[in-house]
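Inside the fold
Single-letter residue listing:
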Amino acid sequence: MANPMKGEVDIEACGEQLRLILSFNAIAELEEEAGQTLAEAMAALEAGSVRIMRLILWAAMRDHRPGTTLRQAGAVD
């Protein structure tokens, strides 16, 4: 069960339960992969960037699924 005090959220996707969390490590990986700060990535997200949306999902999945690839995150529906 997700721990909302830690910022975790559970979602149902691809017929399974996924736990998402934007931990400090996740945010650092997001910034590294995007080549942008979190603030810049959020501005791109607000502008409609699907690439950044996929990166955020990917980063949020990695604490509980460290082997998740960008392509796998992009396939979540």
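On a predicted model such as this, the values are computed, not experimentally measured, just so you know. The residue numbering used here restarts from 1 in each chain and proceeds along that chain's sequence as written. Note on the predicted model: pLDDT of at least 70 is required for a residue's local features to be given, and 80 or more for side-chain atom pairs to be given and counted; whole-chain, interface and lining totals, by contrast, use all residues. The side-chain quantities take in all heavy atoms of the structure and omit both hydrogens and water.

Focus on the nonpolar core
The test is simple: What is meant by a nonpolar core is a set of buried Ala, Val, Leu, Ile, Met, Phe, Trp, Tyr and Cys residues, joined one to another through side-chain atoms within 4.5 Å. Under the scheme applied here, a residue whose accessible area is under 20% of the maximum for its type counts as buried, over 50% as exposed, and between as partly exposed, the area being computed with a 1.4 Å probe on protein chains only. Numbering of helices and strands starts at the N terminus; helices are DSSP runs of H or I of at least 4 residues and strands are runs of E of at least 2. Whether two residues touch is decided by their heavy atoms; if any such pair falls within 4.5 Å, the residues are in contact.
Core analysis: the biggest nonpolar cluster contains 16 residues, and Ile52, Leu55 and Met61 have the highest contact counts within it. Looking at this core, the elements with two or more residues in it are strand 2 (16-20), helix 1 (24-34) and helix 3 (50-61). Looking at which element gives the most residues to this core, the answer is helix 3, with 8 residues. Sequence-distant contacts of Met61, defined by excluding residues within four places in its chain, comprise Leu18, Arg19, Leu20, Thr68, Ala73 and Val76.

Remarks on the side chain of Arg62
Operational definition: We call two N or O atoms a polar contact when they sit within 3.5 Å, provided that within protein one can donate a hydrogen and the other can accept it, with sequence-adjacent residues counted only if both atoms are side-chain atoms.
With respect to the helices, strands and loops of the structure, Arg62 is situated in the loop between helix 3 and helix 4 (70-74). Only 2.6 Å separates the side chain of Arg62 from the side chain of Glu29, close enough to count as a polar contact. Of the polar contacts made by the side chain of Arg62, one reaches the backbone oxygen of Pro66; its length is 2.8 Å. Those residues in contact with Arg62 that sit more than four places away from it in its chain are Glu29 and Thr68.

Re the packing of helix 1 against helix 3
The description of two packed helices rests on the angle between their axes and on the distance between the axes. Condition: Helix axes use the C-alpha atoms of the stretch in contact, all axes being lines fitted to C-alpha atoms, and the angles between their N-to-C directions lie in the range 0 to 180 degrees. Handedness of a crossing is defined here by the sense of rotation of the near helix relative to the far one, left-handed for an anticlockwise turn of less than a right angle and right-handed for a clockwise turn. Charged residues are taken to be Asp, Glu, Lys and Arg, nonpolar residues to be Ala, Val, Leu, Ile, Met, Phe, Trp, Tyr, Cys and Pro, and polar residues to be all remaining types, Gly included.
Following both chains from N to C, one finds helix 1 and helix 3 inclined at 145°, their axes separated by 9 Å at the closest point. Where helix 1 crosses over helix 3, the two elements pack in a sense that is right-handed. Within the contact between the two elements, helix 1 uses Ala26, Glu29, Leu30, Glu33 and Ala34 and helix 3 uses Arg51, Ile52, Leu55, Ile56, Trp58 and Ala59. Considered class by class, the residues forming the contact of helix 1 with helix 3 number 8 nonpolar, no polar and 3 charged.

Looking at the environment of Glu16
Looking at the secondary structure, you find Glu16 in strand 2. Classification of Glu16 by relative accessible area gives partly exposed; the value is 34%. Once the C-alpha coordinates of Glu16 and Ala47 are considered, the two residues, 31 residues apart in sequence, prove to be 30 Å apart. If we ignore the near neighbours within four places in the chain, the residues touching Glu16 are Ile11 and Arg65. Here the side chain of Glu16 touches Arg65 through a polar contact of 2.6 Å, side chain to side chain.

Describing the environment of Cys14
Mapped onto the secondary structure, Cys14 falls in the loop between strand 1 (9-13) and strand 2. Given a relative accessible area of 43%, Cys14 falls into the partly exposed group. Between the alpha carbons of Cys14 and Ala75 there is a distance of 8.3 Å; along the sequence they are 61 residues apart. With residues near it in sequence (within four places) discarded, Cys14 still touches Ala75, Val76 and Asp77.

None of the figures reported here should be taken as evidence of function without further support.
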